[in-house]
Amino acid sequence: MNKTDFLILALLFAVGFALRTVGLDWGYFHGDERINDAARVLTGDLVPGQHFYPPLFNYINGVAFAGLFLVGKVAGWWADSSGFRDTYFTNPTVFYLTARGVTAAFGAAMSPLFYLLARTFSQPRLMAGVTAVLAGIAAPAITFSYIAKGDTPLAAVTVLTILAFSFRVLHGQKRYDVLLGVAACLALSFKQSIVFLLVPLLVAHIVVLAPKMDWKGYLASLGRSLAVIILLWPILNIGIFLDLENFIGYQKIQMVMSIQNDASWQGGLGQWLSLATHPHWGIGWVMLLGFLLYPAVVFSPIFRGKDRQLHIALWAVVLVGMAITLFVVRERQPEHLWISFFVLMQFFAVFGLTETAGHARNPLRLGAAGVLAASGIVSVVALIGLWEQARAVPMSHKVSEILHGHFADDRILSLPALDIPKHPMAQEIERKRIDRLAKKYEVVMPQEATPRPDETEEGALFWMSTPAVMFGLENATEDELRDVIKPHAWPLQPEEWTLEYWANQGVTVFVVADLPYLLNETPSRLFRSFYAEINNTCERAYSVPAVKPLFLERDVVVFKCPAFPE
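Worth saying up front: this structure is predicted, and the values here are computed from it rather than measured.

The next subject is the pairing of strand β5 (residues 556-560). For β5, a buried count of four out of five residues is recorded, marking the element as mostly surrounded by other parts of the structure. Bridge analysis of strand β3 (residues 507-513) against β5 gives five bridges, and the strand direction is antiparallel. Across the sheet, residue V511 finds its bridge partner in β5, namely V558. With five bridges connecting them, strand β4 (residues 539-544) and β5 associate as antiparallel partners. Residue pairing for β5: R540 is matched across the bridge by F559.

Listed below in structure tokens is the structure:
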């Protein structure tokens, strides 16, 4: 690689980062953005509050927060660590933006990695640049960069893992064994479910690399990579070993959440297809078809890349990894589950098209070029739509106006989070509920760090959050979670899911988001019956359409209910 390549890599990263920071403050805080765990790292606490995923991303964000402290001190945002802490509790927006900036940087790294991968596969600079741009602006590679979760970093280091393996196969140097181990270790440190891709990659490692050397040399090569993983992973995830019993408990909960033996794989396949072709969560029908047809390109005369066996093996790794994941999760498929697979699918589809556009004869050549151009246009349109939603005024402002203007004296139960201060009495009811459940399940709640207000804040209303359940635990029973219940990871409480229960607490207003889903699609029988009761008993006072559906918003209905339902 020479100076020109380095400049191209820098340009791809800079542009990719800029694209991912437009509207980064999109108006809400996502519940999965665990900035509290990252902030605790600054106090020396390396054990996360929840062990659903490895803690490396918390540590990276903790380092970023340390940088934020220094920048803010120079800029005069705070004078010392006390001011820094006060800002975290009074207006944590800058912390969320910092963590999202870290996520955006990982997302921006994908285009340079795709460029290196295309160059490794012998594409000239121009073709590799086209491949990198069109693969790097794939909708999932950008959409999920707006949420400070480990899914986008996972996708980036998964691409790095594929790149490191390709380096090892095509260039043969031992140093790439170390790089492969580091990349795979990083992937396992962001999300352990990537093992479903790493297992078929290990098979590919054996099938592709072993025949190229004697068995002694091959075992040494594999051993170097595995040794790096074994030595490095405990260091990067030290919080797990400091709290190993809790980590194991959370993994048991994760199994209950993720493994659905009563769901069909056919239904899961349909859900996967819907996500794969979604304009923002997936890669679309054309790129999906391009990925599926990639072997035809590899075995055609137009293919100029190195080592056809490697290309087919990598394509199969992605396909088999998805199949394993789908078999395990079936119909439990959050949008972010597939990002690592989808970005790789986009790369192979685009790589096959650029190979065709660069080396085939007309009309196939013109057709491939046209598809590439159309793909770029579709990606740009999707990106503009994403920006429009990110920069739009959140619907929560309208909901707040309605509640302040018409229901200021009511007790309110809200499913969506509201940007309205809570009355201290409402906060106390919520705390007592948590204390009651903690006592019931004999769990120790983490220490509360948020200062409790002594007085009612200006504009506060008596509103409470609808009791929540973690995704995947909607139908979990106490028997299924016996001995593994953790704070906030408890099953639904049936007594709370009747209108009478809340009427007895004086609640007369219900703010409900995504009512059609709750009535007809949610897997929770309690949800369906509860919201059907509200829908049939109460008056639909106001409806507010979502303006940012890519950023948590769903259509909201405000119900006014009688004080004592018949």
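Still more to cover.
In this section: unusual backbone geometry. Cis rather than trans, the peptide bond between N362 and P363 has omega equal to 5°. By the element assignment, P363 lies in the loop between α19 (339-359) and α20 (364-391). Its identity as a non-glycine residue notwithstanding, R330 has a phi of 55°, on the positive side. Although it is not a glycine, D514 adopts a positive phi angle of roughly 60°.

Bringing the pattern of salt bridges into the picture now. Counted by the stated rule, this structure contains 19 salt bridges. Residues K422 and E430 are paired through a salt bridge, measuring 2.7 Å at the closest nitrogen-oxygen approach. Judged by its relative accessible area of 15%, K422 is buried. The residue R433 makes a salt bridge to E496 at a minimum N-O spacing of 2.7 Å. Placement of the pair is R433 in helix α22 (residues 424-441) and E496 in the loop between β2 (463-465) and α23 (499-503), with a sequence separation of 63 residues.

Where helix α5 (residues 93-108) contacts helix α6 (residues 110-120), the axes come no closer than 4 Å and their chain directions differ by 15°. The angle between α5 and α6 places the two elements in the roughly parallel class. For the pair α5 and α6, contact is made by F106, G107 and A108 and by M110, S111 and P112, respectively. Split by residue class, the contact of α5 with α6 holds four nonpolar, two polar and no charged.

Per the stated rule, a full pass over the model turns up 38 aromatic pairs. Consider the rings of Y441 and W490, whose centres lie 6.4 Å apart with planes at 20°: the pair is stacked. Here W490 lies in the loop between β2 and α23 and Y441 lies in helix α22, a separation of 49 residues in the sequence. Residue classification places Y441 among the buried positions, given a relative accessible area of 13%.

The rules behind each value
- Throughout this description, residue numbers start from 1 for each chain and increase along the sequence as written.
- Selection of residues for local features in this predicted model requires a pLDDT of at least 70, selection of side-chain atom pairs for listing and counting requires 80 or more, and totals for whole chains, interfaces and linings are taken over all residues.
- Derived side-chain values reflect all non-hydrogen atoms in the structure, with water molecules and hydrogen atoms excluded from consideration.
- Buried, partly exposed and exposed residues are distinguished by accessible area as a fraction of the type maximum, computed with a 1.4 Å probe on protein chains only: under 20%, between the cut-offs, and over 50%, respectively.
- Going along the chain from the N terminus, every DSSP run of H or I of four or more residues is numbered as a helix, and every run of E of two or more is numbered as a strand.
- By the convention used here, strands pair only if DSSP detects at least 2 bridges between them.
- Salt bridge, as applied in this entry: a Lys or Arg side-chain nitrogen positioned within 4 Å of an Asp or Glu carboxyl oxygen.
- The angle between two axes is taken between their N-to-C directions and runs from 0 to 180 degrees, where each axis is a line fitted to C-alpha atoms and a helix contributes only its stretch in contact.
- Oblique is the label for every angle not falling under 35 degrees (roughly parallel), over 145 degrees (roughly antiparallel), or within 65 to 115 degrees (roughly perpendicular).
- In what follows, a contact means two residues having at least one pair of non-hydrogen atoms within 4.5 Å.
- Classes in brief: Ala, Val, Leu, Ile, Met, Phe, Trp, Tyr, Cys and Pro nonpolar; Asp, Glu, Lys and Arg charged; the others, Gly included, polar.
- Here a pair means two rings of Phe, Tyr or Trp (six-membered ring of Trp) with centres within 6.5 Å. Their orientation is stacked below 30 degrees between planes, edge-to-face above 60, and tilted elsewhere.

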